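Structural overview for review
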2 protein chains.
Amino acid sequence: MKLIIDAFGGDNAPREIVRGTVMALRARDDFSVILTGRKDRIEQELAQYTYPRDRVEIVDAPEIIGMEEHPVEAIRKKKNSSLVVGQLLLKDKQGDAFISCGSTGAILACAQLRLGRIKGIFRPALAPILPNRHKGVMLIDSGANMDCKPAYLAQFAVMGSIYMEKVLEIARPRVGLANVGTEDTKGNEATKEAFRLIKEQDLVNFIGNAEGRDLVDKVDVMVADGFAGNLMLKAMEGFGSYIFSIMKKGFTASLRMKLGALLLKPALKDLKRKLDANAYGGAPLLGVEGVVIKAHGSSKGENIVVAVDQAIKMVNADIVGTIKQNIPVMTVQE
Amino acid sequence: MKLIIDAFGGDNAPREIVRGTVMALRARDDFSVILTGRKDRIEQELAQYTYPRDRVEIVDAPEIIGMEEHPVEAIRKKKNSSLVVGQLLLKDKQGDAFISCGSTGAILACAQLRLGRIKGIFRPALAPILPNRHKGVMLIDSGANMDCKPAYLAQFAVMGSIYMEKVLEIARPRVGLANVGTEDTKGNEATKEAFRLIKEQDLVNFIGNAEGRDLVDKVDVMVADGFAGNLMLKAMEGFGSYIFSIMKKGFTASLRMKLGALLLKPALKDLKRKLDANAYGGAPLLGVEGVVIKAHGSSKGENIVVAVDQAIKMVNADIVGTIKQNIPVMTVQE
């Protein structure tokens, strides 16, 4: 298996991307990589490590897409960027999966415009997995699609189920439709119709409408339009950071507090581990013609290792093929 | 000033409602109350306390609206419920504000159908205040309105500003429009138009689009449609409870952990205090012809005391009158 890794995406590129790639290469020997980006800089980083050279290839792609660039324009203009070159290699079957920590918008735009959607899929969705009481919960969509028609949401339900069953090995993942109440008739016009459509999908273990709080407990897949999904995701992230910032300040405020925190260290470590969204890898982009993973912009080497494991699982489980075989054929009024 | 309190709303009614009312009566002497509900039961509860009898009136309303009843049907059928009778007393100027811990849907339906909207307001909004790094943030709307037109959102921005300035005493409250990114052109069709409309409001200190994570820091008022607002609110609530449940378990797992937690007690108390949504009172229902506060269904006596303070502040600050004077006259295509 060959993974294509964008060495120039994210805040810590190329240093941490290269470091993580080397760690992953050392950890398992069932894959090789193509790194895309400025060849000289990648070689410079690689030179610091001992690693299996025969499993690493570099494809020079000198242009870099910044986090603040307009996605579609950037994709069109910067044909030699690490992100575009990487996805074109994937399209050309030079590799089996693509991982990038770069601009979400640019990864999405490139996947739509260059790599292409799976036939029958209306809209690809960005689907991060968040920590919860069980094995994690997928929030699909988290920001790729603003105005979602009910049929899009039904397809998200199918794609999310496939991923959680095959990659996280959850049997019959519980799928909920994000809504303002759990009664069947709740919500807006779009969710009422989406409820009906998702219910028709044999592949989906649909538990019905789910509230925001059900993310942590009752569902394995939460289906939402990208607008509400993104707001929920970031509200939780922000609230979590806020809680941790209060704790950090309080727990270091005096000698007594520091001693208390020292005693609680194992519990605090466990708390951090349980809330670590990076444990699940990056956000898969589901519905496109290949395995594409958007890892966090702030990823460190350790996060790249997890994303590599995730990519290999996605390829081995043939997520793209399974989606192709199971995607409901639907029509939608545009 | 006279407050009307629904003694039979919420999980702990009438016991905690009556207890809280008595606590509030003892704490300040600038108001009197009308309690609505089953007179005999309220008298039975009151009999346990010493309190200023001349400041308490009971209006018998033997029917109770359950949390699971269909709101509109319940309002129509149960004319003698504590909730309907209370709001009708408010409409009839028998009191200055109405507080209930009962069914949100029923409180909303009754306010719309019986109490009435302020002329010119398209939709009343439910607007809880959440803890954040500053003085709290209002999330308007949090679930009263599913499909919101841009003009509704612009009115929410105005009403939210007025409340946060007058009740929480935040000068020029920063208003953000909930969105998937902070750039001006982000979002769906409704937010793009809402952005333009809110920008036109002189009364509003509009900081532009805001992301979910900005709730904890960058805004004092977050404007959202009730669908996304409710999902955000509950996602945060659920995530917060999840974090606390992990901590509780970890911090009591062994003698060492218990000792650590004991040392950290002041910091943990401070954390809890900073994250206490009840500190701000209940959620005001803004845009209706009177001061209506929906307090949490699980409210204890202490929460009633805060809601009483909040109601008095809202009346003294003439929130309803100020909204009337400042509400932008708009047209909307229904």
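What you are looking at is a predicted structure, and each value in this text was computed from that prediction instead of being measured.

So, how was this worked out
Residues numbered from 1 in each chain as written. Chains lettered and ligands numbered in written order. Predicted model: local features only at pLDDT ≥ 70, side-chain atom pairs only at ≥ 80, totals over all residues. Contact = placed C-beta atoms within 7 Å. Helix = DSSP H or I, 4+ residues; strand = E, 2+ residues; numbered from the N terminus. Nonpolar A, V, L, I, M, F, W, Y, C, P; charged D, E, K, R; others polar. Buried ≥ 20, exposed ≤ 12 C-beta atoms within 10 Å, placed from the backbone. Axes fitted to C-alpha atoms, helices over the stretch in contact; angles between N-to-C directions. Parallel < 35°, antiparallel > 145°, perpendicular 65-115°, else oblique. Left-handed = near helix turned anticlockwise from the far one by under 90°. Domains from an automatic or database assignment. Pairing = 2+ DSSP bridges. Least-squares fit on C-alpha atoms with pLDDT ≥ 70 in both.

1. Concerning the interface of chain A and chain B
Contacts between the two partners involve 48 residues from chain A, matched on the other side by 48 residues from chain B. Sort the elements by how many residues they give to the side of chain A that touches chain B and helix 8 (residues 226-250) of chain A lands first, with 19 residues. When the residues that make up the side of chain A that touches chain B are grouped by side-chain class, the tally is 27 nonpolar, 10 polar and 11 charged.

2. A word on the environment of Gly238(A)
Here Gly238(A) shows up in helix 8. The class of Gly238(A) is buried, set by 21 C-beta atoms lying within 10 Å.

3. Quick look at the packing of helix 1 (residues 15-27) of chain B against helix 11 (residues 301-316) of chain B
All names here are of chain B. Two elements in contact, helix 1 and helix 11, have axes separated by 7 Å at closest approach and are oriented at 50 degrees. One way to sum up the angle between helix 1 and helix 11 is to call them oblique. As helix 1 packs across helix 11, the resulting crossing turns out to be right-handed. Along the contact surface, helix 1 presents Glu 16, Ile 17, Arg 19, Gly 20, Thr 21, Met 23, Ala 24 and Ala 27, while helix 11 presents Gly 301, Glu 302, Asn 303, Ile 304, Val 305 and Val 308. Of the residues assigned to the contact of helix 1 with helix 11, the class counts are 7 nonpolar, 4 polar and 3 charged.

4. Some details on helix 7 (residues 189-199) of chain B
Looking at helix 7 of chain B, one finds that the buried residues are Thr191(B), Ala194(B), Phe195(B), Leu197(B) and Ile198(B). Where helix 7 of chain B is buried, its residues touch helix 6 (150-166), strand 8 (174-178), strand 9 (205-210) and strand 10 (221-223) of chain B.

5. Some details on the domain arrangement of chain A
The extent of an interface is frequently quoted as the accessible surface area lost upon association of the parts. Residues and elements named next belong to chain A. We note that the domain assignment places domain 1 (1-121 + 287-320) and domain 2 (122-277) within chain A. Once you take the C-alpha centre of each, domain 1 and domain 2 turn out to be 25 Å apart. Listed per partner, the contact involves 13 residues of domain 1 and 13 residues of domain 2. Listing elements by their share of the side of domain 1 that touches domain 2, those giving two or more residues are helix 5 (104-115) and helix 11 (301-316). The greatest single-element share of the side of domain 1 that touches domain 2, amounting to 4 residues, is contributed by helix 5.

6. Looking at the sheet that holds strand 5 (residues 125-126) of chain A
Residues and elements named next belong to chain A. Strand order across the open sheet formed by 7 strands is 3-2-1-4-12-11-5, with mixed pairing between neighbours. Edge strands, defined here as strands with exactly one partner in the open sheet, are strand 3 (56-60) and strand 5. In this structure, strand 2 (residues 32-37) lies alongside strand 3, joined through 5 bridges in parallel fashion. Across the sheet, residue Leu 35 finds its bridge partner in strand 3, namely Ile 58.

7. Section: the relation of the copies chain A and chain B
Each of the two chain copies goes to the other by way of a rotation about an axis and a shift along it. You can overlay chain A on chain B at an RMSD of 0.0 Å; the transform is a turn of 180 degrees with a shift of 0.0 Å along its axis. Seen this way, the second copy is the image of the first under a two-fold rotation axis. When each C-alpha of chain A is compared by its distance to the rotation axis, Gly260(A) comes out closest, at 2.0 Å. Interface overlap between copies: 100% of the residues of chain A at the interface are likewise at the interface in chain B, consistent with a symmetric, same-surface contact.

8. Some details on the sheet that holds strand 2 (residues 32-37) of chain B
Residues and elements named next belong to chain B. On the basis of which strands lie adjacent, the open sheet formed by 7 strands has the order 3-2-1-4-12-11-5 and mixed pairing. Bordering the open sheet on either side are strand 3 (56-60) and strand 5 (125-126), each of which pairs with just one other strand. When strand 1 (residues 2-6) meets strand 2, the two strands line up parallel, connected through 5 bridges. By the bridge assignment for strand 2, Lys 2 is matched with Ser 32. Here helix 4 (residues 82-91) sits on the sheet and contacts strand 1, strand 2, strand 3 and strand 4 (97-100); the angle it forms with strand 1, its principal contact strand, is near 165 degrees.

9. Section: the pairing of strand 7 (residues 137-140) of chain B
Residue and element names in this part refer to chain B. Alternating residues of strand 7 divide into Val 137 and Leu 139 and Met 138 and Ile 140, and every residue in both groups is buried. When strand 6 (residues 129-130) meets strand 7, the two strands line up antiparallel, connected through 2 bridges. Within strand 7, the residue paired with Ile 129 across the bridge is Met 138. Sheet topology places strand 7 next to strand 10; 3 bridges connect them, and they run parallel. Paired with Ile 140 across the two strands is Val 223, which belongs to strand 10.

10. Examining the packing of helix 8 of chain A against helix 10 (residues 265-274) of chain B
Put simply, helix 8 of chain A and helix 10 of chain B touch, their axes get as near as 9 Å, and they point 150 degrees apart. With respect to helix 10 of chain B, the axis of helix 8 of chain A lies roughly antiparallel. Here helix 8 of chain A runs over helix 10 of chain B; the crossing is right-handed. The residues of helix 10 of chain B that touch helix 8 of chain A, namely those facing Ile246(A), Met247(A) and Gly250(A), are Ala267(B), Asp270(B), Leu271(B) and Lys274(B). Residues of the contact of helix 8 of chain A with helix 10 of chain B, tallied by class, amount to 4 nonpolar, 1 polar and 2 charged.

11. Some points on unusual backbone geometry
The step from Ala13(B) to Pro14(B) runs through a cis peptide bond, and the omega angle for that step is 0 degrees. Of note, Pro14(B) is situated in the loop between strand 1 and helix 1. Residue Asp141(B) is reached from Ile140(B) by a cis peptide bond, and omega for that bond is 15 degrees. Within the secondary structure, Asp141(B) is located in the loop between strand 7 and helix 6. For Arg172(A), which is not a glycine, the phi torsion comes out positive at approximately 45 degrees. Relative to the helices and strands, Arg172(A) resides in the loop between helix 6 (150-166) and strand 8 (174-178).

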